Amino acid sequence: MEIVASGIRSTGKLHLGNYFGAISNFVKMQHKNKCYFFIADYHTLTTHHNNKELHDNVRRVFVEYLAAGLDPEVANIYIQSDVPELCELYLLLNMSAYLGELERTTSFKDKARKQPDNVNAGLLTYPVLMAADILIHHAHKVPVGKDQEQNLEMTRKFVRRFNNMYGVKYFREPVAYNFGEELVKVPGLDGKGKMGKSENNGIFLSDDEKTIRKKVMSAVTDSGPQKPNSKMSEAVQNLFTILEIVSTNDTIEYFKEKYASCEIRYGDLKKQLAEDINKTIEPIREKIKEIDANNDFLIKTAKKGAEKARENAVNTIKEVREIIGIRNF
Ligand code: ADP
Ligand code: TRP
């Protein structure tokens, strides 16, 4: 049985990209592996500084994790900040993480560009905290979307460095994982790039049918194929990519043929897409309402998850201290 760990930052409602890039894999993996799924609220602090919102968002993501099918009876589901041992591992790993390599990560460069007035040390050492999240459990598989590959590469680098530095084979190099497939990238509805919270181009798991239809109907397209088998524009390709995720093979084939023969009507494609997205989301949406109303269940589940996660964390910290040479007299 493999150990699996992954998390999502608590920056608000989850969208289709989070679901198909990460959570649907969590759900599939939970029965065959020992899983630790958490809400990365410490990580959120690198960009987010509204304390009321932070709390509400952590609760929101927790509810949506459970609604999307994470089962607290089989997986350990917890909130990152409930495991303070992580901070110690983060500190210890920071001692062998170098400024140059941290500055070169794409996500750091992106964030530094987006928030030039708040280029804090937490932002710089984001991959170190992420490594601590994974290594505290000795996780091998890490289900994440494609955009997290570089962070995983950093974790592997820290593992090799730690093991070499102390002449041990203590930590294991983790791999990014997608259930039996390539890493998924769900595009947005604005014709460019990936679906993302801050991009304002997504569909949330809690969106109702009407909202989904409205968003999909106003997705960017183009003026249509001008000759048979012409190349798709990025915007139309994006709609097809989402169609491939949520629709049946027959539907996908139907619209591909219509496109190839220049008979496609984007209005029909969008209608079908909205319907199939709604079908995917509907049961999750209903569950969100149900779980949101059950505070006792949430409290109990978070407590149980934290206890399980801390069992590993305490043990890892004890062993790491010993390896590093932090010992009692
Ligand atoms: P966002 O981009 O909305 O801020 P996060 O960066 O918090 O989302 O990502 C949380 C998880 O969801 C990560 O595992 C990430 O790889 C995955 N993810 C986010 N957006 C997408 C997407 N459009 N396609 C695939 N996976 C995604
Ligand atoms: N960086 C991840 C994201 O933005 C969230 C995350 C934090 C994570 N710690 C992790 C993912 C550990 C996998 C493993 O989505």
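What you see is a predicted model, and the numbers here were worked out from it, not measured in a lab.

S.K.: Residues and numbers for the overall build of the chain, please.
M.R.: The secondary structure content of the chain amounts to 14 helices and 5 strands. Computed over C-alpha atoms, the radius of gyration of the chain comes to 21 Å, within 12% of the 20 Å expected from 2.2 N^0.38 for 329 residues, which places it in the range of a compact globule. Dimensions of the chain, computed from C-alpha atoms along their principal axes, come out at roughly 80 × 45 × 40 Å. Going through the 329 residues of the chain one by one, you find that 48% of them count as buried.

S.K.: With reference to specific residues and values, describe the packing of helix α4 (residues 85-94) against helix α8 (residues 126-135).
M.R.: The packing of two helices is summarised by the inter-axis angle and the distance between the axes. Two numbers describe how α4 lies on α8: the axes approach to 9 Å, and their chain directions differ by 125 degrees. Considering their axes alone, α4 and α8 lie oblique with respect to each other. Along this stretch, α4 crosses α8, giving a crossing that reads as right-handed. Of the residues in α8, those touching α4 at L86, L89, Y90, L93 and N94 are V128, L129, A131, A132, D133 and L135. Here the residues of the contact of α4 with α8 are counted per class, giving 9 nonpolar, 1 polar and 1 charged.

S.K.: How would you sum up the nonpolar core? Please name residues and give values.
M.R.: Counting residues in hydrophobic clusters, the biggest one holds 55 residues, and the most contacted among them are Y65 and I277. For this core, the element with the highest residue contribution is helix α13 (residues 266-292), accounting for 9 residues. In this structure, this core is formed jointly by two domains, domain 1 (3-184 + 295-324) and domain 2 (209-289), each of which donates at least three residues. For I277, the residues in contact, after removing those within four places along its chain, are L16, I203, I212, V216, I242 and V246. Core analysis: the second largest hydrophobic core is formed by 37 residues, L89, F158, Y170 and A309 among them.

Rules of the game
By convention here, each chain's residues receive numbers from 1 onward along its written sequence. Each chain is given a letter, starting from A, and each ligand a number, starting from 1, according to the order in which they appear as written. Per-residue local features are limited, in this predicted model, to residues with pLDDT of at least 70; the limit for side-chain atom pairs, both in listing and counting, is 80 or more; totals at the level of whole chains, interfaces and linings are taken over all residues. Values reported for side chains reflect all heavy atoms of the structure, with hydrogen atoms and water molecules removed beforehand. Strands are runs of DSSP state E lasting at least two residues, helices are runs of H or I lasting at least four, and both sets are numbered from the N terminus onward. Radius of gyration means the value over C-alpha atoms here, while the globule rule gives 2.2 Å times the residue count to the 0.38 power. Accessibility here uses a 1.4 Å probe with only protein chains present; expressed as a share of the type maximum, an area under 20% marks a residue as buried, one over 50% as exposed, and anything in between as partly exposed. As a rule, the C-alpha atoms of each element are fitted with a line to give its axis, helices using only the stretch in contact, and angles between N-to-C directions run from 0 to 180 degrees. Geometric relationships in this document are graded by angle, where less than 35 degrees denotes roughly parallel, more than 145 denotes roughly antiparallel, 65 to 115 denotes roughly perpendicular, and other angles denote oblique. What makes a crossing left-handed is the near helix being turned counterclockwise from the far one by less than a right angle; a clockwise turn instead makes it right-handed. The contact criterion used throughout is that any non-hydrogen atoms of two residues lie within 4.5 Å. In the scheme used here, Gly and all other residues not listed as nonpolar or charged are polar, with Ala, Val, Leu, Ile, Met, Phe, Trp, Tyr, Cys and Pro taken as nonpolar and Asp, Glu, Lys and Arg as charged. Among the buried residues, those of types Ala, Val, Leu, Ile, Met, Phe, Trp, Tyr and Cys that are joined through side-chain atoms within 4.5 Å form a nonpolar core. An automatic or database domain assignment supplies the residue ranges for each domain.

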